[in-house]
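What follows is each chain in one-letter form.
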Amino acid sequence: MRLRKLDLNLLLVFDTVLTERSVVRAADVLAMSQPAVSHALNRLRHALKDGLFVRTPSGMIPTPRAEQLALPIRKALNDLQLAVEGDSFDAATADRRFAIAVDNYAAVVVAAPVVAASRAPAPKLRLSLVPSGTLKIADKLDRGELDIAIAAREWEGERFASQALIDDRYVAAFRRGHPAIPAKLTPATLAKVQHLAITSAAEDLSFVDEGLKRSRTIALEVPYLSAGPVIVQSDFVATVGRKLADEFRRAYPIEVRELPFDAPPLRSVMTWHRRFDDVPAHKWLRKTIVAATAAI
């Protein structure tokens, strides 16, 4: 169909339903009635000759055609938002979306403070936090599909800018009352216990083997989401960032000990495309993220 025949407001409805996976939540975000959102969605379905979404118990699932349209429409809406925004940005009234990729460490340690710090002054703001593990971050930053990436590394290239957010240190985490862990951890003690490896961390922990003068006995590998419950119900020891261990301790009876050897720092870095350097909304978001992480 010709673009001039399409009501571009329908694309905003499409993008919001895609993000929220719910007509009810999309209606709240758009300040529209639920019937109005449903009507707009039906108009777009008719115009594009595709169902676009299928209602399931877990939410509105996009069709293959909708998935094909998702990124181009989102990029176009973001570009339009930047053009309309101009040289000003009022957080209190801003109604826009930011896409932020986070690695597993940032998802646990950084996400909640950033959401709280940004939503308080900008209640209409929509944040989309996506896991970075399988993403081609550089490509998505280039295409404007991501506003920011927060990970343990920065992406190379003059077109990208970065800022360190957190400098953390590695510690040993284990269940309270572990029978083999004394008050002061030694290399000999740490070498004797079985270790838990976190498969989704993508961190180089070879320094642990070097500090122990031998290879660890890795008895189990689990993703971040399983680490806390597994640690507390086993005698495994995990080497993790201190701030991540503190988050585990909020929910589980877990203890922490300093490592008995030198370890490299664990960094969390914010990266963005330089073309957004002077965009007011983007500058506000970066400043908010820096302030939120400084308070962690």
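Residues numbered from 1 in each chain as written. Predicted model: local features only at pLDDT ≥ 70, side-chain atom pairs only at ≥ 80, totals over all residues. Heavy atoms only, no water.

## With respect to the overall build of the protein
Stage number 1. What the protein contains, in helices and strands, is 12 helices and 12 strands.
Stage number 2. Taken along its principal axes, the extent of the C-alpha atoms in the protein is 75 × 45 × 30 Å.
Stage number 3. Across the protein, contacts joining residues at least 24 apart in sequence account for 72% of those joining residues at least 6 apart.
Stage number 4. Summed over its atoms, the accessible surface of the protein is roughly 15,200 Å², and 52% of this surface lies on carbon and sulfur atoms. (Helix = DSSP H or I, 4+ residues; strand = E, 2+ residues; numbered from the N terminus. Contact = heavy atoms within 4.5 Å. Areas by Shrake-Rupley, 256 points an atom, 1.4 Å probe, with all protein chains shown as cover.)

## Things to note about the confidence of the model for the protein
Stage number 1. In the predicted model, the protein carries a mean pLDDT of 89, and the fraction of residues at 70 or more is 97%.
Stage number 2. At the level of individual helices and strands, the protein shows its lowest average pLDDT in helix α4 (residues 64-85), which scores 81, and its highest in strand β7 (residues 170-175), which scores 96. (pLDDT = per-residue confidence, 0-100.)

## A short note on empty space enclosed by the protein
Stage number 1. The final tally for this structure, using the stated rule, is one cavity of 30 Å³ or more.
Stage number 2. The computed volume of the largest cavity comes to approximately 30 Å³.
Stage number 3. Looking at the lining of the largest cavity residue by residue, the class counts come to seven nonpolar, no polar and no charged. (1 Å grid on protein atoms, 1.4 Å probe; cavity = no way out; pocket = protein on both sides within 12 Å on 5 of 7 lines; lining within 4 Å. Points joined across faces, edges and corners; volume = space filled by probe spheres on them. Nonpolar A, V, L, I, M, F, W, Y, C, P; charged D, E, K, R; others polar.)

## A short note on the packing of aromatic side chains
Stage number 1. Considering all chains together, one arrives at three aromatic pairs under this definition.
Stage number 2. Pairing phenylalanine 14 with phenylalanine 53 gives two aromatic rings, centres 5.6 Å apart and planes at 45°, and the pair type is tilted. With phenylalanine 14 in helix α1 (residues 9-20) and phenylalanine 53 in strand β1 (residues 53-56), this pair connects stretches of sequence that are 39 residues apart.
Stage number 3. Judged by relative accessible area, which is 5%, phenylalanine 53 ranks as buried. (Phe/Tyr/Trp six-rings, centres within 6.5 Å; stacked < 30°, edge-to-face > 60°. Buried < 20%, exposed > 50% of the residue type's maximum accessible area, 1.4 Å probe, protein only.)

## Focus on unusual backbone geometry
Stage number 1. A positive phi angle, near 55°, is found at lysine 49, a position not held by glycine.
Stage number 2. A relative accessible area of 74% places lysine 49 in the exposed class.
Stage number 3. We note that leucine 52 has phi near 65°; this positive angle belongs to a residue other than glycine.
Stage number 4. Examined against the element boundaries, leucine 52 turns out to sit in the loop between α3 (34-48) and β1.

## Considerations on the pairing of β1
Along a regular strand, successive side chains alternate from one face of the sheet to the other.
Stage number 1. Here four bridges tie β1 to strand β2 (residues 59-62), and the two strands are oriented antiparallel to one another. Considered in β2, the bridge of valine 54 is made with isoleucine 61.
Stage number 2. Where β1 folds back on β2, the antiparallel hairpin that results is connected by two residues. (Pairing = 2+ DSSP bridges.)

## Description of the pairing of strand β5 (residues 148-151)
Stage number 1. Burial of β5 is two-sided: the residues Ile148 and Ile150 facing one way and the residues Ala149 and Ala151 facing the other way are all buried.
Stage number 2. Judged from the three bridges that link them, strand β3 (residues 97-102) and β5 form a sheet pairing that is parallel. Among the inter-strand pairings, isoleucine 100 is bridged to a residue of β5, identified as isoleucine 148.
Stage number 3. Note: β5 against strand β12 (residues 266-273), three bridges, orientation antiparallel. Within β12, the position partnered with alanine 149 by the bridge is threonine 271.

## Concerning the side chain of aspartate 15
Stage number 1. Structurally, aspartate 15 is set in helix α1.
Stage number 2. Owing to a relative accessible area of 4%, aspartate 15 belongs among the buried residues under this scheme.

## What to know about the packing of α1 against α3
Stage number 1. In the contact formed by α1 and α3, the axes pass within 9 Å of each other and the chain directions differ by 110°. Here α1 lies roughly perpendicular to α3, going by the angle between them. Here Leu10, Leu11, Val13, Phe14 and Val17 of α1 lie close against α3, whose contacting residues are Val37, Ala40, Leu41, Arg43 and Leu44.
Stage number 2. Grouping the amino acids of the contact of α1 with α3 by side-chain chemistry returns nine nonpolar, no polar and one charged. (Axes fitted to C-alpha atoms, helices over the stretch in contact; angles between N-to-C directions. Parallel < 35°, antiparallel > 145°, perpendicular 65-115°, else oblique.)

## Here's the deal with the layout of surface pockets
One water molecule sets the probe size; rolling that probe over the atoms shows where empty space is left.
Stage number 1. Each pocket or cavity is described by its volume, and for the largest pocket that value is around 410 Å³.
Stage number 2. If you trace the largest pocket, you find 18 residues lining it, with Leu12, Leu77, Asn78, Leu80 and Gln81 closest to the centre.
Stage number 3. Ranked by the residues each element gives to the lining of the largest pocket, the list is headed by α4, at eight residues.

## Observations concerning the sheet that holds β3
Stage number 1. The mixed open sheet is built from five strands, whose spatial order is β4-β3-β5-β12-β6. Each edge of the open sheet carries a strand with a single partner, namely β4 (126-131) and β6 (160-168). On average, each strand axis in the sheet is inclined to that of its neighbour by 20°, with strand direction left out of account.
Stage number 2. Bridge count for β3 against β4 is six bridges, and the pairing is parallel.

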